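Tertiary structure, described
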Amino acid sequence: MPAKLRLMARSTGKKAKKPAPNTMWGGRFTVPPAAAMTAINASVSFDKRLAAQDIAGSKAHAAMLAKKKIITVSDNAKIQQGLDKIAAEIRAGGFVFSDALEDVHMNIEARLAERIGEPARRLHTARSRNDQVATAFRLWVREALTHFDAALEDLQKALIVQAERNAATAMPGLTHLQPAQPITFGHHLLAYVEMLGRDRSRAQAARARGNECPLGAAALAGTPFPIDRAMTAKALGFAAPCANSLDAVSDRDFALDYIYCAAVTAMHLSRLAEEMVIWSSPQFGFVQLPDAWTTGSSIMPQKRNPDAAELVRGKAGRVFGALGGMLAMLKGLPLAYNKDTQEDKEGLFDTAATIMLCLTAMTGMAKGMKADKARMLAATERGFLTATDLADWLVRKLNMPFRDAHHVTGRAVKLAEQKNRRLDQLKLADLRKIEPRVTADVFKALSVQTSLRARTSFGGTAPENVKAAARDARRKYLSARKGRA
């Protein structure tokens, strides 16, 4: 006798009675599952968040069964009313979930039987838990993708507003984290708007791709009942029923798509978070992050730590891990349904919570950060950022091949380093020792502002370009929800 049952027998003085096999599926079994089996098999602790979607699927299924005269109109009415009452009970927090009933779906069905009796036992006609679970999960993921897209748009808006404010704010553009060319802060931020735009297109495509209804596929082979799968698909807002019953119950591509979308976004957020950490450090001092998204130190009073940015950066690894876990779980599964796929939910639920939290934090930081324009401009005076402009001037004015101009400019940079001066602080005589044809007009090309204004090619950093790009981004990304823009 298991230890728990022995303890019960001692405490009551009576022989403990073994629990019966699961009444939802236990007709073939004579003994109940082992305690550890119940523990490993139960998913209700995490899949109970699918309750609303399960109820929606059951209501659509029951309505279809009644229309097709598979169950009576009276039974359907009782099922609909009973499910509505259960939904209200769950919303009010009064529903008691039981591990013994394994998952949210069987918990709701058992409660429905308690409420309405015999009609509840007809609800599962022409369906299986396999298509029932897949349908509820797809509904949840579809809704999650909608929220994900909206959160991405909110972050885009915050970055666009900052880009508009800083369309002419000069800063060093870096490659290899080394000074490269002058750019504007607005131009830099709009690069992330484009990344997030691709993230949104992935989320929207994933939502469309996964918007097919498994309900009615039953366990794996379909059903002999004369069901109308198009009716249930339409009732639940799906574009169409899944075309193949085997694929319908075993497919988890829609879940993979969500996690992949989140993983790419997490990578983009991590890159921006890393830059915020760098920009807000005293060594750079380019931005100040808002108090609401920074923390202090328990021992060092002067500290202003970019913890939110660091956590966004760190949580990217958590999302990447969920993607790897899902791929590993699915890779060896034969058709059709296998219990392994119960492991599809915790990683996805955690991913959804994580990426939404990261997007909220990043949006808060983006809205509230303040650019130190003077500090950014001063930084452009280091690192010979207008060296390429000197090479370009030699090409334009002296008709010099670019490779020759590059060599001449390199010598000029070396001379400026030796003299501890900026390029525009060299004397004309110094430059003429390197290239005798240089004229005084060259110094106009060596200012940061001239360099910025000159970058007018499409997608370039010129302030007027940035203003136009911000307007285009508003039209492209924010127009669908003008009330939020």
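Our subject is the structure listed above.
First things first, this report covers the structure right here in the doc. Bear in mind the structure is a predicted one, so any value in this text is a computation, not a measurement.

As for the packing of aromatic side chains
- Summed over the entire model, instances satisfying the criterion amount to seven aromatic pairs.
- Ring plane angle 75° and centroid distance 5.4 Å describe the contact between Phe137 and Phe254, whose orientation is recorded as edge-to-face. Linking Phe137 in helix 7 (residues 129–165) with Phe254 in helix 11 (residues 253–279), this pair joins segments that are 117 residues apart in sequence. Of the two residues examined, Phe137 and Phe254, each falls in the buried class.
- Ring plane angle 80° and centroid distance 6.1 Å describe the contact between Phe137 and Phe349, whose orientation is recorded as edge-to-face. Of this pair, Phe137 sits in helix 7 while Phe349 sits in helix 13 (residues 344–368), and the two are 212 residues apart along the sequence.
- With a relative accessible area of 0%, Phe137 lands in the buried category.
- Members of the aromatic cluster, joined through ring pairs, are Phe137, Trp140, Phe254 and Phe349.
- The ring of Phe137 has Lys345 sitting right over it, with the charged end atom 5.0 Å from the ring centre.

Section: the pairing of strand 2 (residues 178–184)
- With six bridges connecting them, strand 1 (residues 170–175) and strand 2 associate as antiparallel partners. From the neighbouring strand, Ala170 faces strand 2, where its bridge partner is Thr184.

Examining the pattern of salt bridges
- Overall, the coordinates contain 27 salt bridges when judged by the stated rule.
- Of the charged contacts in the structure, one is a salt bridge between Arg111 and Glu89, with a shortest N-O distance of 3.2 Å. Here Arg111, found in helix 6 (residues 104–116), pairs with Glu89, found in helix 5 (residues 73–91); they are 22 residues apart in sequence, far enough to count as distant.
- Judged by relative accessible area, Arg111 falls into the partly exposed class, the value being 23%.
- The exposure class assigned to Glu89 is buried, which follows from its relative accessible area of 15%.
- Note that Glu435 and Arg437 form a salt bridge whose closest N and O atoms lie 3.0 Å from each other.
- Assessed through its relative accessible area of 45%, Arg437 is described here as partly exposed.
- Three or more residues joined by partner-sharing salt bridges are found here, namely Glu89, Arg111, Glu114 and Arg115.

Details of unusual backbone geometry
- With omega at 10°, the peptide bond leading from Leu335 into Ala336 counts as cis.
- Mapped onto the elements of the fold, Ala336 is located in the loop between helix 12 (307–330) and helix 13.
- Phi angles above zero are rare outside glycine, and Leu177 is one such case at about 60°.
- One non-glycine residue, Phe384, lies in the positive phi region at around 55°.
- Take Phe384: it is sitting in the loop between helix 14 (373–379) and helix 15 (387–398).

What counts and what doesn't
- Residues numbered from 1 in each chain as written.
- Predicted model: local features only at pLDDT ≥ 70, side-chain atom pairs only at ≥ 80, totals over all residues.
- Heavy atoms only, no water.
- Phe/Tyr/Trp six-rings, centres within 6.5 Å; stacked < 30°, edge-to-face > 60°.
- Helix = DSSP H or I, 4+ residues; strand = E, 2+ residues; numbered from the N terminus.
- Buried < 20%, exposed > 50% of the residue type's maximum accessible area, 1.4 Å probe, protein only.
- Lys NZ or Arg CZ within 6 Å of the ring centre and 35° of its normal.
- Pairing = 2+ DSSP bridges.
- Salt bridge = Lys/Arg side-chain N within 4 Å of Asp/Glu carboxyl O.

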